[in-house]
Amino acid sequence: MEHPVFLLIIEALALYFLVLGAHSLRGRYGLAHFYALMGGVTAVMSWVTDAGLAVRLGEVTFMVGSTVFYSALLLGVFVVYVFDGPRDTRIAISTVVGVSGLAPLLALVLHFQFELMGGEVLLNIPHPGLRINTASVSATLLDLVFLGMAWEYLGKPAFKLKLWIRTYLTLLGVLWLDVLLFSTGAFAGTPSYLPILKGLLASRFLLSVFYFTLIY
């Protein structure tokens, strides 16, 4: 891969517009196709996270699973909450969290099936790790719940925040909360914990500006 950062940006943009485009069609087709897309993106996110795919730019490491797929899910849940209300948001969150829990189980079943058949190891579907998947599912659930709470809290008349400030603070808050929850759950107690935590906090700050511009 000669230009990994460039390809990462193209992949992210394509997925973001796909998710936001699917949501924009809800008036004609409803949200069923949007939920299906969110479930598919969640499954890929789980496998990519297990594979540990990352792109490095200088001292900052961008994890593909969180940079591309998790952020697409975050944008999707964000627009559902803002435009469609809590009920549809609960369905979106249930879809994402449910598939997050099922995806590693499906990977285990596939590996087990291949072993029963005497086949080779499935290199394209990584073997799921219990700790990293538990951290991922837990962090995702808490992130999406926090998103709604932060949006409502920052929208109180007492703060008198402009829409763009409220939007950016909500996105940045969720992104940084995810870093703290996921990194602590997956890597706390290991030598790589602090480097991963610092790198992800820096990368999420850079990405928050890009996400905000796109969603606003």
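Just so it is clear, the structure is predicted and the values come from calculations on it, not from any experiment.

Comments concerning the overall build of the protein chain
Item 1. For the protein chain, the helix and strand inventory stands at eight helices and two strands.
Item 2. Expected size for 216 residues packed as a compact globule is a radius of gyration near 17 Å; at 18 Å, the protein chain falls within 12% of this value.
Item 3. Taken along the three principal axes of its C-alpha coordinates, the protein chain extends 60 × 40 × 35 Å.
Item 4. Burial analysis of the protein chain (216 residues in total) assigns 44% to the buried set.
Item 5. Contacts spanning at least 24 positions in sequence make up 71% of the contacts within the protein chain whose residues lie at least 6 apart.

As for the side chain of His-23
Item 1. Mapping His-23 onto the fold places it in helix H1 (residues 4-24).
Item 2. Within the structure, the side chain of His-23 is placed 2.6 Å from the side chain of Asp-84, a separation counted as a polar contact.
Item 3. For His-23, the contacting residues outside a window of four places in its chain are Leu-31, Phe-34, Val-79, Val-80, Phe-83 and Asp-84.

Focus on the layout of surface pockets
To find leftover empty space, a probe the size of one water molecule is rolled over the atoms.
Item 1. There is about 270 Å³ of room inside the largest pocket.
Item 2. If you go around the largest pocket, you meet 20 residues; those closest to its centre are Thr-49, Met-63, Gly-65, Ser-66 and Phe-182.
Item 3. Counting residues per element, the ones that place at least two in the lining of the largest pocket are helix H3 (32-51), helix H4 (64-84), helix H6 (130-154), helix H7 (163-187) and helix H8 (193-215).
Item 4. Tallied by class, residues from the lining of the largest pocket come to 12 nonpolar, six polar and two charged.
Item 5. Considering only enclosed or pocket space, the second largest pocket measures out at about 220 Å³ in volume.
Item 6. Val-5, Leu-8, Ile-9, Ala-12, Val-55, Leu-57, Phe-62, Thr-67, Leu-206, Leu-207 and Phe-210 together form the lining of the second largest pocket.

Some thoughts on the nonpolar core
As a rule of thumb, nonpolar side chains are buried together in soluble globular proteins.
Item 1. One finds Phe-34, Met-38, Val-64, Val-68, Phe-69 and Leu-74 to be the most contacted residues of the largest nonpolar core, which totals 47 residues.
Item 2. Put simply, the parts of the chain that give this core at least two residues each are H1, H3, strand S2 (60-63), H4, helix H5 (86-116), H6, H7 and H8.
Item 3. Counting residues per element, this core draws most heavily on H4, at 13 residues.
Item 4. In this structure, Val-68 is in contact with Leu-8, Glu-11, Ala-12, Leu-15 and Tyr-16, ignoring residues within four places of it in sequence.
Item 5. In this structure, Ile-132, Ala-135, Ala-139 and Phe-182 belong to the second largest nonpolar core, which totals five residues.

Quick word on the packing of aromatic side chains
Item 1. Across all of its chains, the model carries seven aromatic pairs by this definition.
Item 2. Taken together, the ring pairs connect Trp-164, Tyr-168 and Phe-212 into an aromatic cluster.
Item 3. Cation over ring: Arg-166 sits above Trp-151, and NZ or CZ is 3.7 Å from the ring centre.

Remarks on the pattern of salt bridges
Item 1. Taken as a whole and assessed by the stated rule, the structure comprises three salt bridges.
Item 2. For Arg-26, the salt bridge is made with Asp-84, and the minimal N-O distance between the two is 2.9 Å. Here Arg-26 is found in helix H2 (residues 26-29), whereas its partner Asp-84 is found in helix H4, with 58 residues between them in sequence.
Item 3. What makes Arg-26 partly exposed here is its relative accessible area of 26%.
Item 4. Of the charged contacts, one joins Asp-88 and Arg-87 as a salt bridge, the two residues approaching to 3.3 Å between their closest N and O atoms.
Item 5. Owing to a relative accessible area of 15%, Asp-88 belongs among the buried residues under this scheme.

Reading the values: rules and limits
- Residues numbered from 1 in each chain as written.
- Predicted model: local features only at pLDDT ≥ 70, side-chain atom pairs only at ≥ 80, totals over all residues.
- Heavy atoms only, no water.
- Helix = DSSP H or I, 4+ residues; strand = E, 2+ residues; numbered from the N terminus.
- Rg over C-alpha atoms; globule rule 2.2 N^0.38 Å.
- Buried < 20%, exposed > 50% of the residue type's maximum accessible area, 1.4 Å probe, protein only.
- Contact = heavy atoms within 4.5 Å.
- Polar contact = N/O pair within 3.5 Å; in protein donor to acceptor, adjacent residues only side chain to side chain.
- 1 Å grid on protein atoms, 1.4 Å probe; cavity = no way out; pocket = protein on both sides within 12 Å on 5 of 7 lines; lining within 4 Å.
- Points joined across faces, edges and corners; volume = space filled by probe spheres on them.
- Nonpolar A, V, L, I, M, F, W, Y, C, P; charged D, E, K, R; others polar.
- Core = buried A, V, L, I, M, F, W, Y, C linked by side-chain atoms within 4.5 Å.
- Phe/Tyr/Trp six-rings, centres within 6.5 Å; stacked < 30°, edge-to-face > 60°.
- Lys NZ or Arg CZ within 6 Å of the ring centre and 35° of its normal.
- Salt bridge = Lys/Arg side-chain N within 4 Å of Asp/Glu carboxyl O.

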